[in-house]
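Understanding the architecture of this molecule
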Protein chains: 2
Amino acid sequence: MPTGVDAAALTGRPGLRLTGPRRAVLEAVAAAATPFTAEELAQSLPGVGRATVFRTIRLLQDLDILCRVPLEDGSIRYQLSRGDHHHHLVCSQCGAVGEFDDPELDRLIQRNARRAGFTLASHSLELYGSCRACSPGRG
Amino acid sequence: MPTGVDAAALTGRPGLRLTGPRRAVLEAVAAAATPFTAEELAQSLPGVGRATVFRTIRLLQDLDILCRVPLEDGSIRYQLSRGDHHHHLVCSQCGAVGEFDDPELDRLIQRNARRAGFTLASHSLELYGSCRACSPGRG
DNA sequence: ATCTTTGCAAAGCTTTTGCAAGCTT
DNA sequence: AAGCTTGCAAAAGCTTTGCAAAGAT
């Protein structure tokens, strides 16, 4: 398992076909060092039609292979999803995006929803700031 | 104080002018019962230029008068901001958006950031589900 | 053989921009 | 008077769609 995703992600799904373009997108996505925009992905794959890139991004999101990362400025980037449920740590300096999960945090979120008489279906949490490498050494 | 915002929000800010169009947008925003899209706001103000509506939305966001509410499907709505720091409870059924704040939650978020070696600048948390009115009675 | 997927180009949305005219202070 | 703001219309992003050809199982 080189990167965690490969063609197998699409094989075996009834009604889904593993095609050249999809394989190419999958490889590019798996190889990406940092989160990318749809535009960047499309540009890195000149041989794949633009529409196909967008369609595949959507497909991979539905399959939980790719996750959408909303930046602070409202733009959207994508990153290979490394876990089921998680949150993002977005570095405003270098663009790196880390993931984390915290059951306690989720519990607290659930509690707030309940308090408001809200039946929670899902939630999204993004943290923005500077990653370790980009943070000024504080002491 | 009828709704919490009025022309005063723009008066007194050096370099900012209180114009008819802005007054109109401000009133529409204050009167809105539910979160709205830029498109809806523009349509409700036929007398105000589209560009002005967008520019004013941005201005009001910068002034913390309006807050951006990202929906689950990626679309954006806006709502009068009722507090400084807060999170959203978005009802997928009726579209209502509530706000809440929880210092404990923020502390936990801060802790997760620190653990990851992250210097936190800001964060955004949106909860999606069904509000009390739209939730099926459970028991 | 059947049903899915692709690519292209056009169409769709949403938001921004340039600039002269019009307001506010 | 000085300079912020408006409106229009064009331009700019970004994403989706229609459809015939190509591909996968």
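These numbers come from a predicted model, not from an experiment. (Residues numbered from 1 in each chain as written. Chains lettered and ligands numbered in written order. Predicted model: local features only at pLDDT ≥ 70, side-chain atom pairs only at ≥ 80, totals over all residues. Heavy atoms only, no water.)

**Focus on the protein's contact with DNA strand C**
Residues in contact with DNA strand C amount to 20 residues; listed here are only the nearest, A:Arg17, A:Arg22, A:Thr52, A:Arg55 and B:Arg58. Considering DNA strand C, the proportion of its atoms within 4 Å of the protein that are sugar or phosphate atoms stands at 69%. One of the side-chain nitrogen or oxygen atoms of A:Arg17 is found 2.5 Å away from a base oxygen of DNA strand C. The side chain of A:Thr19 places a nitrogen or oxygen atom 3.0 Å from a phosphate oxygen of DNA strand C. Listed by contribution, the elements that provide at least two residues to the surface near DNA strand C are helix H1 (20–31) and helix H3 (50–62) of chain A together with helix H3 (50–62) of chain B. It is H3(B) that contributes the most residues to the surface near DNA strand C, five residues altogether. Partitioned by chemical class, the residues of the surface near DNA strand C number eight nonpolar, five polar and seven charged. (Near = heavy atom within 4 Å. Polar contact = N/O pair within 3.5 Å; in protein donor to acceptor, adjacent residues only side chain to side chain. Helix = DSSP H or I, 4+ residues; strand = E, 2+ residues; numbered from the N terminus. Nonpolar A, V, L, I, M, F, W, Y, C, P; charged D, E, K, R; others polar.)

**What to know about the domain arrangement of chain A**
All names here are of chain A. If you check the domain split of chain A, you get domain 1 (1–82) and domain 2 (84–139). If you look at the interface, domain 1 gives eleven residues, while domain 2 gives nine residues. Buried area between domain 1 and domain 2, summed over both chains or domains, comes out near 850 Å², and the portion from carbon and sulfur atoms is 54%. When residues of domain 1 are sorted by the area they lose upon contact with domain 2, Pro 70, Glu 72 and Arg 82 head the list and together hold 43% of the total. The interface formed by domain 1 and domain 2 contains two residue pairs in polar contact (both at pLDDT 80 or more). Every element with two or more residues in the side of domain 1 that touches domain 2 is listed here: strand E1 (66–70) and strand E2 (76–80). Element by element, the count of residues in the side of domain 1 that touches domain 2 is highest for E1, at four residues. (Domains from an automatic or database assignment. Contact = heavy atoms within 4.5 Å. Buried area = accessible area lost by both parts, 1.4 Å probe.)

**What to know about the pattern of salt bridges**
Taken as a whole and assessed by the stated rule, the structure comprises six salt bridges over all chains. Measuring nitrogen to oxygen at the nearest pair gives 3.1 Å for the salt bridge that ties A:Arg77 to A:Glu40. Taken together, the residues A:Arg77 in strand E2 and A:Glu40 in helix H2 (residues 38–43) connect sequence positions 37 residues apart. Classification of A:Glu40 by relative accessible area gives partly exposed; the value is 37%. In this structure, B:Glu104 engages A:Arg111 in a salt bridge whose closest nitrogen and oxygen atoms are separated by 3.1 Å. Pair noted here: B:Glu104 is in helix H4 (residues 103–115) and A:Arg111 is in helix H4 (residues 103–115), and the two residues belong to different chains. (Salt bridge = Lys/Arg side-chain N within 4 Å of Asp/Glu carboxyl O. Buried < 20%, exposed > 50% of the residue type's maximum accessible area, 1.4 Å probe, protein only.)

**Topic: the sheet that holds strand E3 (residues 87–91) of chain A**
With mixed pairing, the six strands of this open sheet are ordered in space as E4(A)-E3(A)-E5(A)-E5(B)-E3(B)-E4(B). Either end of the sheet is taken by a strand with one partner, and the two such strands are strand E4 (97–100) of chain A together with strand E4 (97–100) of chain B. Across the sheet, the mean angle separating the axes of adjacent strands is 20 degrees when strand polarity is ignored. Of the strand pairs in this sheet, strand E3 (residues 87–91) of chain B and strand E5 (residues 119–130) of chain B are connected by four bridges, and their pairing is parallel. In the strand pairing of E5(B), B:Val90 is matched with B:Tyr128. (Pairing = 2+ DSSP bridges. Axes fitted to C-alpha atoms, helices over the stretch in contact; angles between N-to-C directions.)

**Structural notes on the packing of aromatic side chains**
Residue and element names in this part refer to chain A. A full pass over the atoms with the stated rule returns two aromatic pairs over all chains. Each ring, one from Phe 36 and one from Tyr 78, has its centre 6.5 Å from the other, and the planes form 35 degrees; the classification is tilted. You can see Phe 36 sitting in the loop between H1 and H2 and its partner Tyr 78 sitting in strand E2, a full 42 residues away along the chain. Among the residues examined, Phe 36 registers a relative accessible area of 6% and is labelled buried. Here Tyr 78 falls in the buried class, since its relative accessible area comes to 10%. (Phe/Tyr/Trp six-rings, centres within 6.5 Å; stacked < 30°, edge-to-face > 60°.)

**Some remarks on the interface of chain A and chain B**
In many reports, interface size means the accessible area that the parts give up when they come together. In this assembly, 36 residues from chain A lie in contact with 36 residues from chain B. Summing the contributions of chain A and of chain B, the shared interface buries around 2800 Å²; its carbon and sulfur component is 57%. Taken together, chain A and chain B are joined by two salt bridges. Where chain A packs against chain B, one counts 18 residue pairs in polar contact (both at pLDDT 80 or more). Taken together, the elements giving at least two residues each to the side of chain A that touches chain B come down to E3, H4 and strand E5 (119–130) of chain A. Ranked by residue count, the leading element in the side of chain A that touches chain B is E5(A), at twelve residues. Residue composition of the side of chain A that touches chain B, grouped by class: 16 nonpolar, ten polar and ten charged. Sheet topology places E5(A) next to E5(B); eleven bridges connect them, and they run antiparallel.

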